[in-house]
Every structure is written in structure tokens, then in C-alpha cells.
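Reading the structure
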Amino acid sequence: SGLEGGGLIVLTLFPAKLLHYSSAAIDCRLYGECDADDAVPDVLADVPLPNGRLPTGLAILPGGEILVSYLQGAIDAFTIVNGQAIKNSTRFATGLGWGLEGIDAGRVDGEEKVYAAHPVDKNYIKFDVMRTNGGVTGAVNSRLSPGTRRQRPRDVAVNNSQASGQGCVEVDGNFECK
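Residues numbered from 1 in each chain as written. Predicted model: local features only at pLDDT ≥ 70, side-chain atom pairs only at ≥ 80, totals over all residues. Heavy atoms only, no water.

A tally of regular secondary structure across the protein chain gives one helix and 13 strands. Taken from N to C terminus, the helices and strands of the protein chain fall in the order β-β-α-β-β-β-β-β-β-β-β-β-β-β. Within the protein chain, residue pairs in contact and separated by at least 24 positions form 44% of the contacts whose partners lie at least 6 positions apart. (Helix = DSSP H or I, 4+ residues; strand = E, 2+ residues; numbered from the N terminus. Contact = heavy atoms within 4.5 Å.)

With that settled, consider the state of the cysteines. For the structure on display, the rule yields one disulfide. Covalently, Cys 28 is tied to Cys 34 through a disulfide, its sulfur atoms 1.5 Å apart. Its S-S torsion of about 65° marks the bond between Cys 28 and Cys 34 as right-handed, since a negative value means left-handed. (Disulfide = S-S within 2.5 Å.)

Moving on, we come to the nonpolar core. Nonpolar side chains tend to gather and get buried jointly when the protein is soluble and globular. If you look at the biggest cluster of nonpolar residues, it comprises 17 residues, and the most contacted ones within it are Leu 61, Leu 67, Ile 75, Phe 92, Leu 96, Val 114 and Phe 127. For this core, the secondary-structure elements that each account for two or more residues are β6 (74-81), β8 (103-108), β9 (111-118) and β10 (123-132). Excluding anything up to four places from it in sequence, Phe 127 contacts Ile 75, Phe 92, Ala 93, Leu 96, Glu 112, Lys 113, Val 114, Ala 116, Gly 138, Ala 139, Val 140 and Asn 141. Counting residues in each nonpolar core, the second largest holds 13 residues, with Ile 9, Ala 16, Val 47 and Val 68 among its members. (Core = buried A, V, L, I, M, F, W, Y, C linked by side-chain atoms within 4.5 Å. Buried < 20%, exposed > 50% of the residue type's maximum accessible area, 1.4 Å probe, protein only.)

So, on to the pattern of salt bridges. Tallied over the full model, the rule gives seven salt bridges. Of the charged contacts in the structure, one is a salt bridge between Lys 17 and Asp 46, with a shortest N-O distance of 2.2 Å. In this pair, Lys 17 is assigned in strand β2 (residues 17-21) and Asp 46 in strand β3 (residues 42-46), connecting sequence segments 29 residues apart. What makes Asp 46 partly exposed here is its relative accessible area of 27%. The partner of Arg 91 in a salt bridge is Asp 76, with the nearest N and O atoms 2.6 Å apart. Pair noted here: Arg 91 is in the loop between β7 (84-87) and β8 and Asp 76 is in strand β6, with a separation of 15 residues, a long-range link. With a relative accessible area of 0%, Asp 76 lands in the buried category. Here the salt bridges share partners, and the residues they tie into one network are Glu 65, Glu 112 and Arg 131. (Salt bridge = Lys/Arg side-chain N within 4 Å of Asp/Glu carboxyl O.)

On the surface, a nonpolar cluster with roughly 330 Å² of combined accessible area is contributed by Leu 13, Phe 14 and Leu 54. Structurally, the position occupied by Leu 54 is in the loop between β3 and β4 (55-60). (Patch = residues over 30% accessible without salt bridge, like charges linked within 9 Å, V, L, I, M, F, W, Y side chains within 5 Å. Areas by Shrake-Rupley, 256 points an atom, 1.4 Å probe, with all protein chains shown as cover.)

This next bit is on unusual backbone geometry. Residue Pro 15 is bonded to the preceding Phe 14 through a cis peptide linkage, with omega at 0°. Relative to the helices and strands, Pro 15 resides in the loop between β1 (8-12) and β2. For Asn 82, which is not glycine, the phi torsion reads 50° and is therefore positive. Mapped onto the elements of the fold, Asn 82 is located in the loop between β6 and β7. Notably, Asp 109 is not glycine yet its phi reads approximately 55°, a positive angle. With respect to the element layout, Asp 109 can be found in the loop between β8 and β9.

Below, the discussion takes up the confidence of the model for the protein chain. It should be kept in mind that the predicted coordinates are not to be read in detail where pLDDT is low. With 79% of its residues at a pLDDT of 70 or more, the protein chain shows a mean pLDDT of 79. Within the protein chain, the lowest mean pLDDT, 47, falls on strand β13 (residues 174-177), and the highest, 92, falls on strand β5 (residues 66-70). Scored below 50 in pLDDT, residues 162-178 makes 28 contacts in the model with residues more than four places away or belonging to other chains. (pLDDT = per-residue confidence, 0-100.)

What follows is the structure, given as C-alpha cells:
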């Protein structure tokens, strides 16, 4: 089945799979007014996670690639082909240090960007997205402070909404939302 608005994509660990819950399946689980079969998610893909890596985040690039962040400080990019998640030949990013957590991707000022939370280092990491023959990779653009030295970011979200009139932007190394 195809992805439609209102759905939810979930990365499971044992076994590692990407699941898609349609908006109807979510409503079924929340309100229980359906047959049990309607609440079952579709399996998008089996995901070949590296041994010993603990996934901590999931994001979808505007080009459709799936990003998975790992506690060990790396991010892999996958393309879904015939129910299999095929890992890019190169890592999206590596060497980020232990403790990497949530990630998100989207368009910021018309360019693909990825942000990752790093609570151990007490910052956010901003990546520029580069597309090559080997897939998609990220280059660290900057490390951003959440505002005070005591805050430890756990997750991030890229605000692509034009309708809300609210946007979050980077100002002098910090995020401001209006």
C-alpha cells in the first residue's frame, strides 16, 4: 500500500522493520470501532541494522530516503526497494560521538537539511545533505546550543508548515520560534 497523509511510520527493533500505520489503522487502534485486521500495519521493509548498533531516531528525507540514527554516533540512509531497506554504500554521517538521539529532516529555505539531537554533547547538529552516485550523505554544517548549558536536547523536529504562520529558525546558533 502507498503512503498517505495522516499515516505513521514506525521502526521496530526485534525484528528490525519499518511499519506503516494508515490513518484508518490509527483511528481503529484509538477508537476501536473496526475489525482487528484493520489495525494491523503494513510492513514497508525489513531493515538491515548493523550488529551492536542501537537505533535512536528515524527521519524521512524529502527525496524519500529513510534515515536511522544510532546511539553510537552515526546515521545511515536507506532506500526502500521491493520491501527491503537497502543501505547506502556510504554512511550518511559518522564520528558524531556516543549519545546521538532523535533526528528529523526537511526543507529549510528550499534546501534539504537534517538536524540531530545530541544530549551528551548538549547540542543539536545541523547537516547539509549531499546527493552522490553512492546515495545521500550529510556534512556537519554546525553544532547549535539549545540556549543554556544545562539543557540536553532529546529530539528535534523540522517545522515545514507554511499554514501555521509559525516557523523556527536558527539565530546566532540558537533556535527561535515565531
